[in-house]
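The residues making up each chain are set out below.
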Amino acid sequence: MAYNHIDVKPITGALGAEIFGVDLSKPLDNATFADVHQALLDHQVIFFHDQSLTPEQHKAFGRRFGTLSNHTFVHATRDHAIDTECLEVRHDPGERYVFGEGWHMDHTWKEKPLMGGILHAIDVPPRGGDTLFANLSLAYETLSDGMKRMLGGLRAAHAANPALYVGDKNLKMSAEEIDALRATHPVIRTHPETHRKLLFLHRAVVRHFEGWTLEESQPLLQFLYAHSERPEFTCRFRWRKGDVAFWD
């Protein structure tokens, strides 16, 4: 894909690209924004280095892509400029809770899943904390035709999992209230812009297939999770101060 206003360097053959020539603290002109948008569609997760953003600039960039989401059950924390549209993900010395640990998609327990997420690295450790991303379109495409036919008729129950937030001091809902946040989605979804089919499942909140018991669902779910997490479908990103990641 040719880009006229940005430089794009793919990270792996599966997904992921670094974007150069963009200062996200400034409003993007329409042509540059179109290139950034296309790069996200082409590579599914894109990374910008050496960015210095205020929360308002962070949110302004996100709003170019759509309405911002409010986090349902986490308080705005620590900084008056950060609110439920722009959360501070912070790990203090001695704190054992890890926000967003493990393979997951964000907020699929909502009836309308999120378009994506944008994370800005303000401070990073000298080692560790890398993030992996997986290409769920590639995961779908490499399934057998028989498996695709079977999955095409299935829906899965997604439910917010209170166990993921044990130890988070910023919660404002009880475990029972979190557990009640649920939605049902097709197992195979079609991306609204690229029209590529993708495997819409992840370990964090999928409970079972609609009309199946938990016990019946688990063997197939575990196979699909392991399949979608295969190394050849992923990219790994090592964070530096000032990095911005934007994933679909």
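What counts, and at which threshold
- Residues numbered from 1 in each chain as written.
- Predicted model: local features only at pLDDT ≥ 70, side-chain atom pairs only at ≥ 80, totals over all residues.
- Heavy atoms only, no water.
- Helix = DSSP H or I, 4+ residues; strand = E, 2+ residues; numbered from the N terminus.
- Buried < 20%, exposed > 50% of the residue type's maximum accessible area, 1.4 Å probe, protein only.
- Contact = heavy atoms within 4.5 Å.
- Phe/Tyr/Trp six-rings, centres within 6.5 Å; stacked < 30°, edge-to-face > 60°.
- Arc of directions from axis to C-beta.
- Pairing = 2+ DSSP bridges.
- Axes fitted to C-alpha atoms, helices over the stretch in contact; angles between N-to-C directions.
- Patch = residues over 30% accessible without salt bridge, like charges linked within 9 Å, V, L, I, M, F, W, Y side chains within 5 Å.
- Areas by Shrake-Rupley, 256 points an atom, 1.4 Å probe, with all protein chains shown as cover.
- Salt bridge = Lys/Arg side-chain N within 4 Å of Asp/Glu carboxyl O.

1. Overview of the side chain of S217
- Checked against the element boundaries, S217 lands in helix α6 (residues 214-228).
- Accessibility expressed as a relative area gives 0% for S217, which makes it buried.
- Ignoring anything within four residues of it in the chain, the contact list for S217 reads H208, F209 and W212.

2. Observations regarding the environment of F209
- Along the chain, F209 turns up in strand β10 (residues 206-209).
- Assessed through its relative accessible area of 0%, F209 is described here as buried.
- Considered as a pair, F209 and A156 are 53 residues apart in the sequence and their alpha carbons are 4.2 Å apart.
- Sequence-distant contacts of F209, that is, excluding residues within four places in its chain, are made with L154, R155, A156, V187, S217, L220, L221 and L224.

3. As for the packing of aromatic side chains
- Tallied over the full model, the rule gives 10 aromatic pairs.
- Where F33 meets F65, the ring centres are 4.8 Å apart and the plane angle is 55°; that geometry is what we call tilted. In this pair, F33 sits in helix α1 (residues 30-43) while F65 sits in the loop between α2 (55-63) and β4 (117-120), placing the two residues 32 residues apart along the sequence. You'll find F33 and F65 in the same group, each marked buried.
- Judged by centre distance (5.9 Å) and plane angle (75°), the rings of F61 and F246 are edge-to-face. Of this pair, F61 sits in helix α2 while F246 sits in strand β12 (residues 244-247), and the two are 185 residues apart along the sequence. Accessibility classification places F61 together with F246 in one group, the buried group.

4. A short note on α2
- Those residues of α2 that fall on the buried side of the exposure criterion are H58, K59, F61 and G62. Buried residues of α2, viewed axially, fall in a sector of 155°; they line one side.
- Those residues of α2 that are buried lie in contact with α1, β3 (45-48), β4 and β12.

5. Considering the sheet that holds β12
- The sheet built from five strands is open, its strands ordered β1-β2-β3-β12-β4 with mixed pairing. Looking at strand neighbours, the two that pair on one side only are β1 (7-10) and β4, the edges of this open sheet. Along the sheet, successive strands turn relative to each other by an average axial angle of 20°, direction set aside.
- Bridge count for β4 against β12 is four bridges, and the pairing is antiparallel. Looking at the pairing, H120 lines up with V244 of β12.
- Sheet contacts for α1: β1, β2 (17-20), β3 and β12; angle to β3, the most-contacted strand, approximately 130°.

6. So, a nonpolar patch on the surface
- Taken together, the side chains of V89, F99 and L119 make up a nonpolar region of the molecular surface, amounting to roughly 230 Å² of accessible area.
- Note on placement: V89 falls in the loop between α2 and β4.

7. Observations concerning the pattern of salt bridges
- Inspection of the entire model under this criterion finds 13 salt bridges.
- Among the salt bridges present, the one from D179 reaches R182, with a minimum N-O distance of 3.0 Å.
- The class for D179 is partly exposed, based on a relative accessible area of 25%.
- When the shortest N-O distance is used, the salt bridge between D179 and R207 registers 2.8 Å. Highlighted residues: D179 in helix α5 (residues 175-179) and R207 in strand β10, separated in sequence by 28 residues.

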